[in-house]
Amino acid sequence: MRITYNQDLTHLNTFAVKASCDKFIQIEDEDEIRPLLETDELNSAHYILGGGSNVLFTQHFHGAIVQLCTKGIHKFNEDTDFIWLDVAAGEHWDDFVNYCVKNKYYGVENLSGIPGFVGSCPVQNIGAYSAEVKDVIDSVFGYRISSKQPFTLANADCQFGYRSSIFKTTWKGDVLITRVRFKLSKKEKLTVTYKGLIEEMESSGLPLSLENVAKAVVAVRNNKLPDIREIGCAGSFFKNPIVKEEVRNKLLSEFPNLVSYPAGDGMCKLAAGQLIELSGMKGVRESSIGVYPKQALVIVNYGGATGEEIQRFYRKVQEAVERTTGIRLEPEVNIL
Ligand code: EPU
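Residues numbered from 1 in each chain as written. Predicted model: local features only at pLDDT ≥ 70, side-chain atom pairs only at ≥ 80, totals over all residues. Heavy atoms only, no water.

Remarks on the overall build of the chain
Here is step 1: Scanning the chain for helices and strands turns up seven helices and 20 strands.
Here is step 2: Taking 20 Å as the expected radius of gyration for a compact globule of 336 residues, we find that the chain reaches 20 Å, a close match to that expectation.
Here is step 3: Each principal axis of the C-alpha atoms in the chain carries an extent, and together these give about 60 × 50 × 40 Å.
Here is step 4: Relative to its 336 residues, the chain shows a buried fraction of 50%.
Here is step 5: For the chain, long-range pairs separated by at least 24 residues make up 61% of all intrachain contacts whose partners lie at least 6 apart in sequence.
Here is step 6: Of the roughly 15,600 Å² of accessible surface on the chain, a fraction of 49% belongs to carbon and sulfur atoms. (Helix = DSSP H or I, 4+ residues; strand = E, 2+ residues; numbered from the N terminus. Rg over C-alpha atoms; globule rule 2.2 N^0.38 Å. Buried < 20%, exposed > 50% of the residue type's maximum accessible area, 1.4 Å probe, protein only. Contact = heavy atoms within 4.5 Å. Areas by Shrake-Rupley, 256 points an atom, 1.4 Å probe, with all protein chains shown as cover.)

Here it is, written out as structure tokens:
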């Protein structure tokens, strides 16, 4: 376990904003967790950080930030059709995806190129290009902070929803996820249904295969999303709002090109990026902060912005969208 005080967090968040915390605890071995929980260290303000790709620090964090840096991908089980892999929380998500592609395990290729750690993927049920991680998660392992007890949660008990899970709702702030067990297909099973992905596959002229789908996903991402090594951001800043069909129908009369997807129970999901575009905010830049011109759902730090400035800016985006459409967008990113 490595503990540092007054730790600079600038390189630990993909928004690349300057921030710090009282105490930074890095766990390198699962065995260090029990003793840490015994100290009651996490009973006061704390935040569990993954790869820092879904967080906006707006001020100094008064408390402890914990990061699990444990590594390892181990086979738990295998049959003729599937393989079950146990993956440590600190593995980089994209390294795991590449491992699966290389070994011909199907199920995570559409989630290629997503930054962050494996331990964070169930929290917000990461998703892209018609795939969601919930469809390949078998179970999640970790510790509850309040009870100091280990837990194992089967997929059905994780309450997965659109960018949501029990770890982001009922158990929020009370879990240290140590490991995720994935169930991946050994038989070819590809999902190429997202329009942009179909188009990319067609224009590349490459045959449909696991490697080529992964490549096409990366190409689609590169076309729309900034490279976090060059431009600070946290991917989609807002969630796509889920509204009643009546609300959608009313908006449709004003905006005939409005995109929506069925969300069950008389609800539908709108595209926040399009709502931002309709509000006139797409591509708008104020000094070093802006709405990304190629994908309005992404707020970017072109360099040197503070978290507080980004917060002020995203609120302007929220207000503009609300003025234009009556819909209040909710951040997908954790604001600290
Ligand atoms: N759209 C616009 N203007 C924009 C952006 C989007 O009109 O500036 C429209 C598009 O034309 C399309 C619709 O909105 O009709 C949806 O856009 P897109 O397919 O690009 O996806 P998204 O809903 O904007 C979601 C995820 C992304 C993921 C993509 C692709 C969320 C919050 N975001 O974005 O995830 O990559 O789908 O599947 O659900 C992330 O979570 O960080 C992330 C990047």
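After that view, the rundown keeps rolling.
So, the pattern of salt bridges
Here is step 1: Evaluated as defined, the whole model comprises 18 salt bridges.
Here is step 2: In this structure, the salt-bridge partner of R144 is D174, at a minimum N-O distance of 2.9 Å. Highlighted residues: R144 in strand β10 (residues 137-144) and D174 in the loop between β11 (150-154) and β12 (175-185), separated in sequence by 30 residues.
Here is step 3: Notably, a salt bridge pairs K282 with E277, separated by 3.2 Å at the nearest N-O pair.
Here is step 4: One salt-bridge network, held together by shared partners, links E30, D86, R179 and R181. (Salt bridge = Lys/Arg side-chain N within 4 Å of Asp/Glu carboxyl O.)

A look at unusual backbone geometry
Here is step 1: Even without being a glycine, Y129 presents a positive backbone phi close to 50°.
Here is step 2: When you line up the elements, Y129 lands in the loop between β8 (127-128) and β9 (131-132).
Here is step 3: The backbone of R163 shows a phi angle near 50°, a positive value even though the residue is not glycine.
Here is step 4: Exposure remark for R163: the relative accessible area of 15% places this residue in the buried category.

Quick look at the sheet that holds β11
Here is step 1: Taking strand neighbours across the sheet as the criterion, the five strands line up as β6-β7-β12-β10-β11 in an open arrangement whose pairing is antiparallel. A strand with exactly one partner marks an edge of an open sheet, and here the two such strands are β6 (73-78) and β11. Ignoring strand direction, the axes of neighbouring strands in this sheet form an average angle of 20°.
Here is step 2: Judged from the seven bridges that link them, β10 and β12 form a sheet pairing that is antiparallel. The residue of β12 that forms the bridge with V140 is V180. (Pairing = 2+ DSSP bridges. Axes fitted to C-alpha atoms, helices over the stretch in contact; angles between N-to-C directions.)

Section: the site of the ligand
Here is step 1: Near the ligand, the surroundings consist of 22 residues, among which Y129, Y162, R163, Y194 and E277 are the closest.
Here is step 2: Between an oxygen atom of the ligand and a side-chain N or O atom of N240, the distance comes to 2.8 Å.
Here is step 3: Between the ligand and E277, the relevant distance is 2.5 Å, taken from a nitrogen atom to a side-chain nitrogen or oxygen of the residue.
Here is step 4: Compared with its free state, where it exposes 810 Å², the ligand has 81% of that area covered by protein.
Here is step 5: Sorting the residues of the shell around the ligand by element identifies β8, β13 (232-236) and α6 (272-278) as the ones contributing at least two each.
Here is step 6: Of the residues belonging to the shell around the ligand, the class tally is ten nonpolar, seven polar and five charged.
Here is step 7: The residue makeup of the shell around the ligand includes at least three contributed by each of domain 2 (73-185) and domain 4 (232-335). (Near = heavy atom within 4 Å. Polar contact = N/O pair within 3.5 Å; in protein donor to acceptor, adjacent residues only side chain to side chain. Nonpolar A, V, L, I, M, F, W, Y, C, P; charged D, E, K, R; others polar. Domains from an automatic or database assignment.)

A closer look at the sheet that holds strand β18 (residues 289-291)
Here is step 1: If you trace the four strands from one edge of the open sheet to the other, you get β13-β19-β18-β17, paired in antiparallel fashion. Of all strands in the sheet, those with a lone pairing partner are β13 and β17 (285-286), marking the two edges.
Here is step 2: As paired elements, β18 and strand β19 (residues 298-301) share three bridges and run antiparallel to each other. Of the residues in β19, the one forming a bridge with V291 is I299.
Here is step 3: Where helix α7 (residues 307-325) meets the sheet, its contacts fall on β17, β18 and β19, and the angle it forms with β18 comes to roughly 30°.

Regarding the packing of helix α3 (residues 195-204) against helix α4 (residues 210-224)
Here is step 1: With their axes 9 Å apart at the nearest point, α3 and α4 run at an angle of 115° to one another. When the axis of α3 is compared with that of α4, the two are roughly perpendicular. Crossing hand, α3 versus α4: right-handed. Residues G196, L197, E200 and M201 of α3 touch α4, and the partners they reach there are N212, V213, A216, V217, A219, V220 and N223.
Here is step 2: Within the contact of α3 with α4, the residues separate by chemical class into seven nonpolar, three polar and one charged. (Parallel < 35°, antiparallel > 145°, perpendicular 65-115°, else oblique. Left-handed = near helix turned anticlockwise from the far one by under 90°.)

Structural notes on the environment of K239
Here is step 1: Position of K239 among the secondary structure elements: in the loop between β13 and β14 (242-244).
Here is step 2: Assessed through its relative accessible area of 25%, K239 is described here as partly exposed.
Here is step 3: Taking the C-alpha atoms as reference points, K239 and H46, separated by 193 residues in sequence, lie 24 Å from one another.

These figures capture arrangement, not role.
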